[in-house]
Amino acid sequence: MNRTQHYSLLKAMEIDKNNLLKYQELYKYAYILSDGIFKIVFAEEKDHTLLISLVNAMLGLQGDDAIKDITLEMQEFPGVFNKKDCILDIIGTTNAGEKVLVEVQQQGDDFFRDRVEYYISRVIENQVHASEKYELPRIYFLGLLDFELFPEEPQKYIHHVDEMCNGRKFFPKIQKIFVEIDKFFELEKAGITVNDNSEAAQWLRAIKVIVKEEPVPEKIMQNETFRRLLDSVKLINFVEELFNCEARNMTDLKAEHEIGFSEGAAEERAKAEKEKREMAKILKEKNVAVSIIAESTGFSEKEIQAL
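Residue indices follow the written sequence of each chain, beginning from 1 at its first position. At least 70 in pLDDT is required for a residue's local features to be given in this predicted model, at least 80 for side-chain atom pairs to be given and counted, and no such filter applies to totals for whole chains, interfaces and linings, which use all residues. Values reported for side chains reflect all heavy atoms of the structure, with hydrogen atoms and water molecules removed beforehand.

### With respect to the overall build of the protein
- Here a helix means four or more residues in a row that DSSP labels H or I, a strand means two or more in a row labelled E, and each is numbered from the N terminus. Helix and strand content of the protein: 13 helices and 10 strands.
- To sort residues, take the accessible area from a 1.4 Å probe on protein chains only and compare it with the maximum for the residue type: under 20% means buried, over 50% means exposed, and anything in between is partly exposed. For the protein, buried positions account for 46% of its 307 residues.
- Two residues qualify as a contact provided that any one of their heavy atoms is within 4.5 Å of a heavy atom in the partner residue. Contacts spanning at least 24 positions in sequence make up 64% of the contacts within the protein whose residues lie at least 6 apart.

### Describing the nonpolar core
- To qualify as a nonpolar core, a set must consist of buried Ala, Val, Leu, Ile, Met, Phe, Trp, Tyr and Cys residues joined through side-chain atoms within 4.5 Å. Of all hydrophobic cores here, the largest spans 71 residues; its most connected members are Phe-42, Met-58, Leu-144 and Trp-203.
- Ranked by residues supplied to this core, first place goes to helix α7 (residues 199-212) with nine residues.
- Excluding residues that lie within four positions of it along the chain, Met-58 makes contacts with Leu-142, Leu-144, Ile-158, Ile-177, Val-179, Ala-200, Trp-203 and Leu-204.

### Describing the packing of aromatic side chains
- The aromatic pairing rule takes the rings of Phe, Tyr and Trp, using the six-membered ring of Trp, and pairs them if the centres are within 6.5 Å, calling planes under 30 degrees apart stacked, those over 60 edge-to-face and the rest tilted. Within this structure, the stated rule accounts for nine aromatic pairs.
- Taking the centre distance of 5.6 Å and the plane angle of 90° together, the rings of Phe-112 and Phe-147 count as edge-to-face. Placement of Phe-112 in helix α5 (residues 112-125) and of Phe-147 in the loop between β6 (139-145) and β7 (158-161) is noted, with a sequence separation of 35 residues between them.
- Overall, the relative accessible area of 6% leaves Phe-147 in the buried class.
- When the centroid spacing of 5.8 Å and the interplanar angle of 50° are considered together, the rings of Phe-141 and Phe-178 count as tilted. With Phe-141 in strand β6 and Phe-178 in strand β10 (residues 174-180), this residue pair connects regions lying 37 residues apart in the sequence. The same class applies to Phe-141 as to Phe-178, namely buried.
- One aromatic cluster is present, formed by Phe-112, Phe-141, Phe-147, Phe-150 and Phe-178 through successive ring pairs.

### Structural notes on the pattern of salt bridges
- In the sections that follow, a salt bridge refers to a side-chain nitrogen of Lys or Arg positioned within 4 Å of a carboxyl oxygen of Asp or Glu. In the structure shown here, the tally under the stated rule is 18 salt bridges.
- Between Glu-45 and Arg-228 there is a salt bridge, with its nearest N and O atoms 2.7 Å apart. Taken together, the residues span a long stretch of sequence, with Glu-45 in the loop between α3 (35-43) and α4 (49-59) and Arg-228 in helix α9 (residues 224-232) at a distance of 183 residues.
- Looking at Glu-45, the relative accessible area reads 14%, which means it is buried.

### Section: unusual backbone geometry
- If you check the backbone angles, Asn-166 has positive phi at about 55° while not being a glycine.
- Inspection of the secondary structure assignment puts Asn-166 in the loop between β8 (164-165) and β9 (168-169).
- Overall, the relative accessible area of 76% leaves Asn-166 in the exposed class.
- Positive phi, close to 55°, is recorded for Glu-213, a residue that is not glycine.
- A relative accessible area of 27% means that Glu-213 is categorised as partly exposed.

### Let's talk about the packing of α7 against α9
- Fitted lines through C-alpha atoms give the axes, limited to the stretch in contact for helices. The angle between two N-to-C directions lies from 0 to 180 degrees. Relative orientation of the contacting elements α7 and α9 amounts to 25°, with a least axis distance of 10 Å. The angle between α7 and α9 places the two elements in the roughly parallel class. When you trace α7 past α9, the crossing you get is right-handed. Between α7, through Gln-202, Trp-203, Ala-206, Val-209 and Ile-210, and α9, the contact on the second element is made entirely by Thr-225, Phe-226, Leu-229 and Leu-230.
- Of the residues assigned to the contact of α7 with α9, the class counts are seven nonpolar, two polar and no charged. Should an angle lie under 35 degrees it is considered roughly parallel, over 145 roughly antiparallel, and from 65 to 115 roughly perpendicular; all remaining angles are considered oblique. In this scheme the crossing of two helices becomes right-handed for a clockwise turn of the near helix relative to the far one and left-handed for an anticlockwise turn of less than a right angle. Each residue gets one label: Ala, Val, Leu, Ile, Met, Phe, Trp, Tyr, Cys and Pro are nonpolar, Asp, Glu, Lys and Arg are charged, and the others, such as Gly, are polar.

### Quick word on the sheet that holds strand β4 (residues 90-94)
- Strand pairing requires that DSSP identify at least two bridges connecting the strands. Read across the open sheet, the six strands follow the order β1-β4-β5-β6-β10-β7; overall the sheet is mixed. Edge strands, defined here as strands with exactly one partner in the open sheet, are β1 (70-72) and β7. With direction set aside, neighbouring strand axes in the sheet form an average angle of 20°.

### Side note on α4
- Among the 11 residues that make up α4, nine are buried, leaving the element largely enclosed by the rest of the structure.
- Where α4 is concerned, the buried positions are Leu-50, Leu-51, Ile-52, Leu-54, Val-55, Asn-56, Ala-57, Met-58 and Leu-59.
- Gly-60 sits one or two residues past α4 and shows a positive phi near 70°.

### Thoughts on the pairing of β6
- Counting buried positions over the seven residues of β6 gives seven, a clear majority of the element.
- Burial of β6 is two-sided: the residues Ile-139, Phe-141, Gly-143 and Leu-145 facing one way and the residues Tyr-140, Leu-142 and Leu-144 facing the other way are all buried.
- Pairing between strand β5 (residues 99-105) and β6: seven bridges, direction parallel. Bridge pairing in β6 links Glu-103 to Gly-143.
- Across seven bridges, the pairing between β6 and β10 is parallel. In the strand pairing of β10, Gly-143 is matched with Phe-178.

Structure representation (structure tokens):
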């Protein structure tokens, strides 16, 4: 299930909670990049095997540098006085005492980069206590993006962002890594990443199976971690209350989308419109009531009848 299909599910459930059953017949997987689904899959697993594998893959950590264990912490740093709260999807401390911040972002906006810096600064603020030395742990920020943040690099889907001075990293303890997930999907479609056998690419191929509802490649199926991932994100696993909660937040997510994207907005809207039409057609073929399809997609009943 992709983002557009996820939004349609939420809207359909606002009309009738029993529509969840109909979507469970249509789709095998939940939208893994929604905040609620992502946290359940990666934060509630007892040994955090999936989270550790994902973070090691995306950060390129191997051997002695790889994360062996991680302890999750409170996700929220409350605002002080009139300052904004800081709420991340996942905050953890590794076996080496390093901080790992994971943020899944469905929509781009003009101030996303500002928000990343604010989040990191709030985490830093809580590291050094009175009477201690100004010694910070290594801090990793991993942003998993369902939008394009680096259009100037069309064939690169993972971006390591560092503060540089005279060609050298000024403060290498802080590492920011951004993964453009949909860009990887497009590069796969174009055959550009066909020889990319990195762990990050394999993880994104597994995520592609989930988001695109594709058959599982043999190499993914043979991997125990990915088999566990696919099982954990099946739509039938998630209860109605989770989607009701996300439905209440949907208006804010939509607003984020409308505020953002000064560049490429028209292209993004056209892509979303195409996905909605494809989904409306599938729902129609499954004999879902036209009135429900109209409410879920925003199309008129006349438009739906013409599909």
